[in-house]
Amino acid sequence: MSILITGGAGYIGSHTVKYFKEQNEEVIVVDNLQSGHKESISVDNFYNIDIRDKDKLKEVFKNHKIEAVIHFAANSLVAESMKDPYEYYHNNVFGMLCLLDVMKDNNVQKIVFSSTAATYGEPKRVPILEDDETNPTNTYGETKLAMEKMMKWFDKAYGTKYVSLRYFNASGAHESGLIGEAHDPETHLIPLILQVPLRKRRKIYIFGDDYKTEDGTCVRDYIHIMDLALAHYKALEYLRKENDSDIFNLGNGNGYSVKEVIETARKVTNHPILAEVKERRKGDPAVLIASSEKAKSVLGWKPQFDSLEKIIVDAWNWHKNNPNGF
């Protein structure tokens, strides 16, 4: 039996592919390579298709005995989602509908879904719990929430069991340094900071230093990419035991401020990394930290690489050796 990983050539997808292969799982990857990198994966069965092309997707299911789906394929840039909501609804929501329909027709009843903390919107309390209110403040979060609700109704009607993983700031790279983060454009804080010692940018900007936090800068929960890969595997094992569908937060439960991340990067890279404070960005909450207690108790998941320094060491190992990505 095979595991189908959609979006498996993307940042989180490729690390999950690598982890699943290390667990001796038979992996099939579907990716349209819109933002993924074929060079980041090594699998026997790769299909360069868009999941919205149902005829081609049906062929994949027809050619392989698929046990479960790990679903990453989606657009995921917040700012872009606000400028082009049509594309985000079409790719993310319609794409999910196509996938679930083909799964239903082929009696594949297990799916692990890559969701996001953006489903919560502005948190009313920290750390955020799974049963807190979901009120997204951007199109991206809204589409991911719609995808979660779609799975809920497919479960009720057709018995499609799902685990939705809402995670926070994915970061770091595989310890081997062979794969890592390569986005264009880059929007994530840690790789942006590392572009300074790589001489790809002169300085890093801090958007606001007057928040109600210890040093005045925004606090975020960073989670190592391989801990995310592990969580997807734990979620698959959970579904294999015929458990009910559920939703889990994934994070370290620790918050690090922008200034702390920059200072840690200075230490790891041995580079001064010039930083300049600018005005706040609209819609940036002061603190976003997850409670992952439910994932720990129910899935038996525990972060293995939960120090910020380890995350940046692995990220730097990848970026310094691959300054232009793949």
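Overview of the structure. (Residues numbered from 1 in each chain as written. Predicted model: local features only at pLDDT ≥ 70, side-chain atom pairs only at ≥ 80, totals over all residues. Heavy atoms only, no water.)

## Digging into the side chain of Thr-264
Link 1 in the chain: Among the structural elements, Thr-264 can be located in helix α8 (residues 258–269).
Link 2 in the chain: Once residues within four sequence positions are removed from consideration, Thr-264 is found in contact with Leu-308, Glu-309 and Ile-312. (Helix = DSSP H or I, 4+ residues; strand = E, 2+ residues; numbered from the N terminus. Contact = heavy atoms within 4.5 Å.)

## A closer look at the sheet that holds strand β14 (residues 287–288)
Link 1 in the chain: Sheet architecture is open: 3 strands sit in the order β12-β9-β14, paired in mixed fashion. Since the sheet does not close on itself, it has two edges, and those belong to β12 (256–257) and β14, each with one partner. (Pairing = 2+ DSSP bridges.)

## With respect to the environment of Asn-45
Link 1 in the chain: Take Asn-45: it is sitting in strand β3 (residues 45–47).
Link 2 in the chain: A residue is classified by how much of its surface remains accessible, and Asn-45, at 23% relative accessible area, is partly exposed.
Link 3 in the chain: Separated by 15 residues in sequence, Asn-45 and Val-30 place their C-alpha atoms 8.6 Å apart.
Link 4 in the chain: When sequence neighbours within four positions are dropped, the list of residues in contact with Asn-45 reads Val-27, Ile-28, Val-29 and His-64. (Buried < 20%, exposed > 50% of the residue type's maximum accessible area, 1.4 Å probe, protein only.)

## So, the sheet that holds strand β2 (residues 26–30)
Link 1 in the chain: Strand order in the open sheet formed by 7 strands is β3-β2-β1-β4-β5-β6-β11, and the pairing between neighbours is parallel. Taken across any chain shown, the strands that pair with only one partner, and hence form the sheet edges, are β3 and β11 (246–250). Taking the axes of each pair of neighbouring strands and ignoring which way they run, one obtains an average angle of 20 degrees across the sheet.
Link 2 in the chain: Note: β2 against β3, 3 bridges, orientation parallel. If you follow Val-29 over to β3, its bridge partner there is Phe-46.
Link 3 in the chain: In the packing of helix α2 (residues 54–63) onto the sheet, contacts are made with β1 (2–6), β2, β3 and β4 (66–71), and the angle to β4 comes to roughly 140 degrees.
Link 4 in the chain: This element, helix α5 (residues 139–158), spans β4, β5 (110–116), β6 (161–167) and β11 of the sheet and lies at about 160 degrees to β5. (Axes fitted to C-alpha atoms, helices over the stretch in contact; angles between N-to-C directions.)

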